[in-house]
Amino acid sequence: MEPVFRTLEIAAKLAVKATGTQVTYRGLEHIPASGGAVVAINHTGYVDFLPAALAATHRNRRMRFMIKAEMSEVKPVGWLIDHTGTITVDRQAGAGAYADGVASLRRGELVGVYPEATISRSFELKEFKTGAVRMALEAGVPIVPLIVWGAQRIWTKDHPKALGRKKIPVSVAVGEIIAPYGTTTELAATLRSEMTELLHAAQADYPQPPGAFWLPRRIGGAAPTPAEARSLDEAELAERVRRRADRE
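Quick caveat: nothing in here was measured; it's all calculated off a predicted structure.

**A short note on the environment of Ala 53**
Link 1 in the chain: Within the element layout of this structure, Ala 53 appears in helix H2 (residues 49–57).
Link 2 in the chain: Residues Ala 53 and Glu 9, 44 residues apart in the sequence, show an inter-C-alpha distance of 8.5 Å.
Link 3 in the chain: Residues in contact with Ala 53, not counting those within four places in the same chain, are Met 63 and Phe 65.

Okay, structure coming up:
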């Protein structure tokens, strides 16, 4: 029994109900009912973890997320991390988090991973890191591709939060499991292909108002192109490095 985790689950469901968020799920049967699995999730905003986690609860499972270590510096978040088995990733030295992730998988847990590592400003899939597939291969567990679409309308980079009772629809699509076979390169290519197909299907089934900030340019939205988004990411990283140097 994990009382903090259970409390968070209840709070998440209440938050969805209070805000009128309409979460629809497709492919929940692909989340294993037992045993370890890497759940690979696209990353479009700050709250896409929540519908992904709720998808797991529909299969009576809990998901251990891997998140950036800086989040533990926020006291309430740090306390929650300590009490929910969340795995923190130091982006300067990720070996410890990697080992913790593999250990969780071998214990039969679901581990939620963002292969893109950071939020995609273009709302397309960014270049993938290899950690998700390497963990699956080492632990001998499958990968479950999972797409969250619509949560970027609630809270994402460069745009005001849309909190409160906004009744924003959110779609969660889970793809068929990917067996942990082949090379890292082959498995990463398969994962990306599956997630791209899921993402495009989720977008096609969702409203597409022309010029919406939360829609990719490819389908008529006003989001940055992938190339423009890369430039923004690089500028943000450079500024972060500069501030760190000033503090030191």
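There is more to say, and it comes next.
**A closer look at the side chain of His 43**
Link 1 in the chain: Of note, His 43 is situated in the loop between strand E2 (37–41) and H2.
Link 2 in the chain: Among the polar contacts listed, one links the side chain of His 43 to the side chain of Asp 48, at a separation of 3.3 Å.
Link 3 in the chain: Among residues more than four places away in sequence, those in contact with His 43 are Asp 48, Tyr 114, Glu 116, Ala 117, Thr 118, Ile 119 and Ser 120.

**Some thoughts on the environment of Arg 121**
Link 1 in the chain: In this structure, Arg 121 sits in the loop between strand E5 (110–113) and helix H5 (131–139).
Link 2 in the chain: Residue Arg 121 is classed as buried on the basis of its relative accessible area, which comes to 8%.
Link 3 in the chain: In the structure, Arg 121 is positioned 108 residues away from Ala 229 in sequence and 5.5 Å away in space, judged by C-alpha atoms.
Link 4 in the chain: With sequence-adjacent residues up to four places away left out, Arg 121 is seen in contact with Lys 157, Asp 158, Ala 223, Pro 224, Ala 229, Leu 232, Asp 233 and Glu 236.
Link 5 in the chain: Side-chain polar atoms of Arg 121 contact the side chain of Asp 158, separated by 2.6 Å.
Link 6 in the chain: A distance of 2.6 Å separates polar atoms of two side chains, one belonging to Arg 121 and the other to Asp 233.

**Description of the nonpolar core**
Link 1 in the chain: If you look at the biggest cluster of nonpolar residues, it comprises 62 residues, and the most contacted ones within it are Val 38, Ile 41, Ile 143, Leu 146, Val 148 and Leu 191.
Link 2 in the chain: Residues contacting Ile 41, with those up to four places away along its chain left out, are Ala 52, Met 63, Phe 65, Gly 112, Val 113, Tyr 114, Pro 115, Glu 116, Leu 146, Val 148 and Met 195.

**Points about the side chain of Glu 124**
Link 1 in the chain: Its location among the elements puts Glu 124 in the loop between E5 and H5.
Link 2 in the chain: Residue classification places Glu 124 among the buried positions, given a relative accessible area of 13%.
Link 3 in the chain: Non-local contacts of Glu 124, meaning those with residues more than four positions away in its chain, are made with Glu 116, Leu 199, His 200, Pro 216, Arg 218 and Pro 226.

**Details of unusual backbone geometry**
Link 1 in the chain: A positive phi angle is found at Ala 117, which is not glycine, with a value near 75 degrees.
Link 2 in the chain: With respect to the helices and strands, Ala 117 occurs in the loop between E5 and H5.
Link 3 in the chain: Take Ala 117: its relative accessible area is 37%, and that puts it in the partly exposed class.
Link 4 in the chain: A positive phi angle, near 65 degrees, is found at Phe 123, a position not held by glycine.
Link 5 in the chain: One can find Phe 123 in the loop between E5 and H5.

**Some points on the packing of aromatic side chains**
Link 1 in the chain: Taken as a whole and judged by the stated rule, the model has three aromatic pairs.
Link 2 in the chain: Seen from their ring centres, Tyr 46 and Trp 155 are 4.9 Å apart, and the 50 degrees between their planes marks the pair as tilted. Taken together, the positions of Tyr 46 in the loop between E2 and H2 and Trp 155 in the loop between strand E6 (143–149) and strand E7 (169–174) put the pair 109 residues apart, joining distant regions of the chain.
Link 3 in the chain: With a relative accessible area of 36%, Tyr 46 lands in the partly exposed category.
Link 4 in the chain: With centroids separated by 6.2 Å and ring planes inclined at 85 degrees, the aromatic side chains of Phe 49 and Phe 65 adopt a geometry described as edge-to-face.

**Some words on the layout of surface pockets**
Link 1 in the chain: Taken as a whole, the second largest pocket spans an internal volume of roughly 240 Å³.
Link 2 in the chain: Around the second largest pocket, the lining is made up of 18 residues, and of these Thr 19, Thr 21, Val 47, Leu 50 and Ile 154 lie nearest the centre.
Link 3 in the chain: Listed by contribution, the elements that provide at least two residues to the lining of the second largest pocket are helix H1 (3–19) and H2.
Link 4 in the chain: For the lining of the second largest pocket, the leading source of residues is H1, giving four residues.
Link 5 in the chain: Partitioning the lining of the second largest pocket into residue classes produces 13 nonpolar, three polar and two charged.

**Here we look at the pairing of E2**
Link 1 in the chain: Counting buried positions along E2 gives five out of five residues, so the element sits mostly inside the fold.
Link 2 in the chain: Burial along E2 is two-sided: the residues Ala 37, Val 39 and Ile 41 and Val 38 and Ala 40 are all buried.
Link 3 in the chain: Sheet topology note: the E2/E5 ladder contains four bridges and is parallel. The partner of Ala 37 across the bridge, within E5, is Leu 110.
Link 4 in the chain: Pairing analysis gives four bridges linking E2 to E6, with the strands arranged parallel. Its bridge partner being in E6, Ala 40 is matched across the sheet by Pro 145.

Conventions used here
Along each chain, residues carry numbers from 1 onward, in the same order as the chain's sequence is written. Where totals are concerned, whole chains, interfaces and linings use all residues; where local detail is concerned, this predicted model gives features only for residues with pLDDT of at least 70, and gives and counts side-chain atom pairs only at 80 or more. The side-chain quantities take in all heavy atoms of the structure and omit both hydrogens and water. The helix count covers DSSP runs of H or I at least four residues long, the strand count covers runs of E at least two residues long, and both are numbered beginning at the N terminus. In this description, contact between two residues means that some pair of their heavy atoms is separated by no more than 4.5 Å. Here a polar contact is taken to be a pair of N or O atoms separated by no more than 3.5 Å, where protein atoms must pair a possible hydrogen donor with a possible acceptor and residues adjacent in sequence count only if both atoms sit in side chains. To sort residues, take the accessible area from a 1.4 Å probe on protein chains only and compare it with the maximum for the residue type: under 20% means buried, over 50% means exposed, and anything in between is partly exposed. Residues enter a nonpolar core if they are buried and are Ala, Val, Leu, Ile, Met, Phe, Trp, Tyr or Cys, with the set joined through side-chain atoms within 4.5 Å. A pair of aromatic rings is counted whenever rings of Phe, Tyr or Trp (Trp by its six-membered ring) have centres within 6.5 Å, and the orientation is called stacked for planes under 30 degrees apart, edge-to-face for over 60 and tilted otherwise. Each cavity reported here is a set of points on a 1 Å grid over the protein atoms alone in which a 1.4 Å probe fits but cannot get out, each pocket an open set with protein on both sides within 12 Å along at least five of seven lines, and each lining residue one with an atom within 4 Å of a point. Grid points are joined across faces, edges and corners, and a volume is the space filled by probe spheres set on the points. Residues are sorted three ways: Asp, Glu, Lys and Arg are charged, Ala, Val, Leu, Ile, Met, Phe, Trp, Tyr, Cys and Pro are nonpolar, and all the rest, Gly among them, are polar. Think of it this way: DSSP has to see at least two bridges between two strands before they count as a pair.

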